[in-house]
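Next come the chains, spelled out residue by residue.
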Amino acid sequence: MAEQHQQGKAVQTTGHAWDGDLQEFNNPLPRWWLWSFYATAVFALIYWIWYPAWPIADSFTKGIGSVTFERNGEEVTTHWNTRAELIEEMQRGSETLKQQAYLEKVAAASYDEIVNDADMMAFTRSLGKVLFADNCAACHGVGGMPAQIGQFPNLIDDAWLWGGEFEQIQQTIVGGRNGFMPAFGEVLDDRQVDQLAHYVLSLSGGNVDADKAAAGRILFQGQEGGCHYCHTASGKGLESQGAANLTDAIWTVADVPGATDDRGRIDAVRKVIANGVQRQMPGWSERLDPTQIKLLSIYVQSLGG
Amino acid sequence: MKLSHESIEVNAGLMIVLTLIAISIGGLVEIVPLYYIQDTIEKVDGVRPYTPLEQRGRDIYIREGCYTCHSQMIRPFRDEHMRYGHYSLAAESKYDHPFQWGSKRTGPDLARVGRKYSNAWHTQHLANPRSVVPESIMPNYPWLLEHELDYSDIADRMRALKVVGVPYSDTEEEYLANVDEFGPAMAELLDIHRAEESLLAQAQSEDWDGDRTRLTEMDALVAYLQVLGTMVDFSKYDEGYFAEFR
């Protein structure tokens, strides 16, 4: 190999010889490498001409690339930049337009019309699922079931604290909710809280001590406990207060289903009565637009029915 | 001496000097304009320095290394816009030292997480993420609820930030300038001499971590998270306005 090179006259060495005979060739760069290098230089030139590139004084070269979008009803053309590109894409990108057609249809339709239209419902389900995952799932869980019973309401049962009509769900999403029950541990003693827990469990057919439940009933329906103000005398709850229906077997705060025996079930209810409930859902009107909220209302309703 | 390829290659000193010049051009062209091109920073209302409590929360955010998984920079792409909200503006991080931009996201971007979830959610989620999001891979940070917040050096922290340009007020004159710019209530919170009392007042103003009787690191961190991305009211501007700054 080395001998072949030495025979050709084009090959030179760097002029140094180490250990007497060790020399270093000084071959020209490979062609493919050289041309790649030139190509990158050409690419840079095109880039400088097309895109914003070099700073000059207190501004910069804007490039000849441009973006056109609509601003306040007028066509505006500006030098290429990602912000203008985003505006253009949000106005007339192919995906945007496809979605826009559906969004306009949904925005104009009533809840009944959407629910009865298979096409609009398919769109609502797919976009609703994405919106729910991005915005609601952190608290309510993917699919509407929170990781634990307690802080965040389950949306897949058919009990609705604040109402399950489309308009009511919409109102909940727009304005958020403050779920509040006072901590009765501060005004009632342990015995009374225990009696109340027995009565509350008896409302949904729980296995309880009848005497304690009877004493609890007096507290519930009387001035001292005052539970009936929000949960109503029948215990069915009041949507305007977000007060839970206590007569069904659905528990949104007390972890009754997680308890294994009667004592555990009583304790779960006692804990909630003693500590009260402080739940806060933020409003979404600034984050989501009315059509997105409409879609979500239908999606959330469809989770529970 | 002829400045040929060969003479550069065999002359180490000359090669070092020329290499430095070539690299400097690349660096200077990128860095120097940032000091004098002002028209890339949007003129928007609402951006203000962090209050003492938020700033302590921010220090804890950095101490715990939240930035290794969470960026605070929403890029101007449709998918990010749909998921996280409006893209981040340069103006929104002008008081951030160090800024929390980034492109490596193991967790979601947090630039607009402020007021998206309740304080109770943040507290529960930070202490034990999987108790609210079962599929989460975020570590637990239970000690945030256990550690009392150390705010004894908050005034020094603010003075240090003032050196790099954050307008916390040390003198009466600076205080009055802040009243003009941020309003009287906020100017008080940004006053170094009232730092401890404003920190305590803000800690009491809301139930940050579910226990008002103790001031914990969780209080500060939740207060910080709840202000992220909420300072600018985007309904006041049309989108074309922001494109003017590019």
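Residues numbered from 1 in each chain as written. Chains lettered and ligands numbered in written order. Predicted model: local features only at pLDDT ≥ 70, side-chain atom pairs only at ≥ 80, totals over all residues. Heavy atoms only, no water.

Chemist: Explain the domain arrangement of chain A residue by residue, including any values.
Modeler: Residues and elements named next belong to chain A. Each assigned domain of chain A is listed with its residue range as follows: domain 1 (66-110), domain 2 (111-176 + 282-305) and domain 3 (179-281). The gap between the C-alpha centroids of domain 1 and domain 2 is 26 Å. On the side of domain 2, 12 residues touch domain 1, which itself brings eight residues to the contact. When domain 1 packs against domain 2, close to 1,000 Å² is buried across both sides, 65% of that on carbon and sulfur atoms. If you sort the residues of domain 1 by the area they bury against domain 2, Tyr 102, Val 106 and Ser 110 come out on top, with a joint share of 55%. (Domains from an automatic or database assignment. Contact = heavy atoms within 4.5 Å. Buried area = accessible area lost by both parts, 1.4 Å probe.)

Chemist: Account for the packing of helix α4 (residues 94-108) of chain A against helix α13 (residues 290-304) of chain A, naming residues and giving values.
Modeler: The relative placement of two packed helices comes down to the angle between their axes together with the axis-to-axis distance. All names here are of chain A. It is at 10 Å that the axes of α4 and α13 come closest, and there the two elements cross at 75 degrees. When the axes of α4 and α13 are compared, the pair comes out roughly perpendicular. For the pair α4 and α13, contact is made by Leu 103, Val 106 and Ala 107 and by Thr 291, Lys 294 and Leu 295, respectively. Classifying every residue of the contact of α4 with α13 by side-chain character gives four nonpolar, one polar and one charged. (Axes fitted to C-alpha atoms, helices over the stretch in contact; angles between N-to-C directions. Helix = DSSP H or I, 4+ residues; strand = E, 2+ residues; numbered from the N terminus. Parallel < 35°, antiparallel > 145°, perpendicular 65-115°, else oblique. Nonpolar A, V, L, I, M, F, W, Y, C, P; charged D, E, K, R; others polar.)

Chemist: Can you lay out the environment of B:Asp238 for me, pointing to particular residues and giving the numbers?
Modeler: Here B:Asp238 shows up in the loop between α11 (217-225) and α12 (239-243). By relative accessible area, which is 26% here, B:Asp238 ends up partly exposed. The contact partners of B:Asp238, leaving out residues within four places of it in the chain, are A:Arg71 and A:Asn72. A polar contact is formed between the side chain of B:Asp238 and the side chain of A:Arg71, at a distance of 2.7 Å. (Buried < 20%, exposed > 50% of the residue type's maximum accessible area, 1.4 Å probe, protein only. Polar contact = N/O pair within 3.5 Å; in protein donor to acceptor, adjacent residues only side chain to side chain.)

Chemist: Could you give an account of the domain arrangement of chain B, with specific residues and numbers?
Modeler: Interfaces are frequently sized by the accessible area removed from exposure as the parts join. Taken domain by domain, chain B consists of domain 1 (2-36) and domain 2 (52-245). Domain 1 of chain B and domain 2 of chain B are separated by 42 Å when their C-alpha centres are compared.

Chemist: Quick rundown of the pattern of salt bridges? Include the residues and the values.
Modeler: By the definition in use, this model includes 32 salt bridges over all chains. Each of A:Asp194, A:Lys212, A:Arg263, A:Asp267 and A:Arg270 takes part in a single network of salt bridges with overlapping partners. (Salt bridge = Lys/Arg side-chain N within 4 Å of Asp/Glu carboxyl O.)

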